[in-house]
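# Chain and residue survey
One-letter residues, chain by chain:
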Amino acid sequence: MLNNATLAFIGSGTMAEAMIKGILNQKLLSPERIIASGPRTERGHQLEERYGVQWTTSNVQAIENADVVVLSVKPQVLPKVLPELLGKVSAQSLVLSIAAGVRIATISKGLSHEAVVRAMPNTPAQVGAGMTVWTASEQTSEEQRGQAQSILGALGEELFVGDEVYLDMATALSGTGPAYVFLFMEALIDAGVHLGFSRRISQKLVTQTVLGSALFAKQSQKHPAELRNMVTSPGGTSAEALYQLEKGGLRTVLSRSVWAAYQKTRLLGGLSDE
Ligand SMILES: NC(=O)c1ccc[n+]([C@@H]2O[C@H](COP(=O)([O-])OP(=O)(O)OC[C@H]3O[C@@H](n4cnc5c(N)ncnc54)[C@H](OP(=O)(O)O)[C@@H]3O)[C@@H](O)[C@H]2O)c1
């Protein structure tokens, strides 16, 4: 679907590298079709050496022949980058932003450009197991949506949503989600250490249990409640542990946390509009 398009990454950090790696691994493009920009030449040399892509310190030069311009800078850097690129993105190009919380209208107005995709990836994208939710402005063509889908698919799974409101929701659920899971893992590892396991063994047990449970849930396509019932024998150890988790309000705490993250996303999105 990328049909030898030229891709420019504005901002060459962790996420840009994950995308470059995924695109090259899946052979969607050859390295010479990719150019990235950023302020630090050491970082540029690193990307050139690792992936053979082109690199420049000039954001304007990076987008010169780009069919797709990926905005992969931090959201707080965008107010500096958008004016720099204003009027310079070709009308036929697609702008794909992964900046958390920044709305399509902000990008569209800031660049005076209509074809914009906004995506919310998450950190497992760094190992090709990401979950990315994305949406597109009405002015994006079918071909451009296909390009976005291919690029984002290189990070793991992708899901198109028809309304930007779902992007804020996804930010709170899948975007922030790895933080919830890592905290849960950390707490379980500590609990294992409390029992008497070494940290190394406890971490191995917990990591594989979380990975295996996620794979089992995905592959069996059963609801987690059904899978949980399968390990909960009447009067057994799981029932005892689950009783304590419910008593401690795990569900309510999780629900409140996700809600708080959603409110914060909307607040930050609103601020970025101003
Ligand atoms: N990491 C995630 O899991 C995740 C998830 C969802 C969305 N996102 C979004 O993805 C975007 C990138 O995140 P990241 O984790 O990849 O951040 P990052 O590693 O900090 O990358 C940002 C890059 O932008 C560069 N930069 C700074 N100022 C610039 C400028 N004026 N022009 C061009 N490049 C500039 C930085 O260079 P220096 O390092 O030299 O300053 C850095 O390489 C963010 O908007 C974030 O909200 C990230």
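A brief structural summary. If you're wondering where the values come from, they're calculated on a predicted model, not measured in any experiment.

### Here's the deal with the nonpolar core
- Counting 33 residues, the largest nonpolar core has Leu-7, Phe-9, Met-19, Ile-23, Ile-34, Leu-96 and Ile-151 as its most contacted members.
- Here this core gets seven residues from one element, more than from any other, and that element is helix 1 (residues 14-25).
- Apart from the residues lying within four places of it in its own chain, the contact partners of Ile-34 are Leu-7, Phe-9, Ile-20, Ile-23, Leu-24, Leu-29, Val-53 and Gln-54.
- By size, the runner-up hydrophobic cluster in this structure holds 21 residues, among which are Leu-71, Leu-78, Leu-85 and Val-89.

### Brief notes about the pattern of salt bridges
- Taken as a whole and assessed by the stated rule, the structure comprises eight salt bridges.
- Where Arg-40 meets Glu-42, a salt bridge forms, and the shortest distance between an N and an O atom there is 3.9 Å.
- On the basis of relative accessible area, Arg-40 is assigned to the partly exposed category, the value being 48%.
- Between Asp-190 and Arg-199 there is a salt bridge whose closest N-O contact spans 3.0 Å.
- By relative accessible area, which is 36% here, Asp-190 ends up partly exposed.
- Look at Arg-199 and you get partly exposed, because its relative accessible area is 48%.
- Residues joined by salt bridges that share partners form a network here, namely Glu-17, Arg-43 and Arg-50.

### Here's the deal with the packing of helix 8 (residues 177-195) against helix 9 (residues 199-220)
- Direction vectors running N to C along helix 8 and helix 9 enclose 135°, while the axes themselves pass 9 Å from each other. Compared by their axis directions, helix 8 and helix 9 come out oblique. Helix-helix and strand crossings are classified by hand; for helix 8 and helix 9 the assignment is right-handed. Every residue of helix 9 that contacts helix 8 at Val-181, Phe-184, Met-185, Leu-188, Ile-189, Asp-190, Gly-192 and Val-193 is listed here: Arg-199, Ser-202, Gln-203, Val-206, Thr-207 and Val-210.
- Its residues placed into classes, the contact of helix 8 with helix 9 shows eight nonpolar, four polar and two charged.

### Some remarks on the site of the ligand
- In the vicinity of the ligand there are 23 residues, among which Thr-14, Met-15, Arg-40, Val-73 and Thr-123 approach most closely.
- At a separation of 3.5 Å, an oxygen atom of the ligand approaches a polar side-chain atom of Lys-74.
- For the ligand, the accessible surface in isolation is 880 Å², of which the surrounding protein chains cover 79%.
- Counting only elements with at least two residues in the shell around the ligand, the list comes to helix 1 and helix 4 (78-85).
- Looking at the shell around the ligand residue by residue, the class counts come to eleven nonpolar, nine polar and three charged.

Parameters and conventions
Residues numbered from 1 in each chain as written. Predicted model: local features only at pLDDT ≥ 70, side-chain atom pairs only at ≥ 80, totals over all residues. Heavy atoms only, no water. Core = buried A, V, L, I, M, F, W, Y, C linked by side-chain atoms within 4.5 Å. Buried < 20%, exposed > 50% of the residue type's maximum accessible area, 1.4 Å probe, protein only. Helix = DSSP H or I, 4+ residues; strand = E, 2+ residues; numbered from the N terminus. Contact = heavy atoms within 4.5 Å. Salt bridge = Lys/Arg side-chain N within 4 Å of Asp/Glu carboxyl O. Axes fitted to C-alpha atoms, helices over the stretch in contact; angles between N-to-C directions. Parallel < 35°, antiparallel > 145°, perpendicular 65-115°, else oblique. Left-handed = near helix turned anticlockwise from the far one by under 90°. Nonpolar A, V, L, I, M, F, W, Y, C, P; charged D, E, K, R; others polar. Near = heavy atom within 4 Å. Polar contact = N/O pair within 3.5 Å; in protein donor to acceptor, adjacent residues only side chain to side chain. Areas by Shrake-Rupley, 256 points an atom, 1.4 Å probe, with all protein chains shown as cover.

Read these as layout, nothing more, since geometry by itself doesn't imply function.
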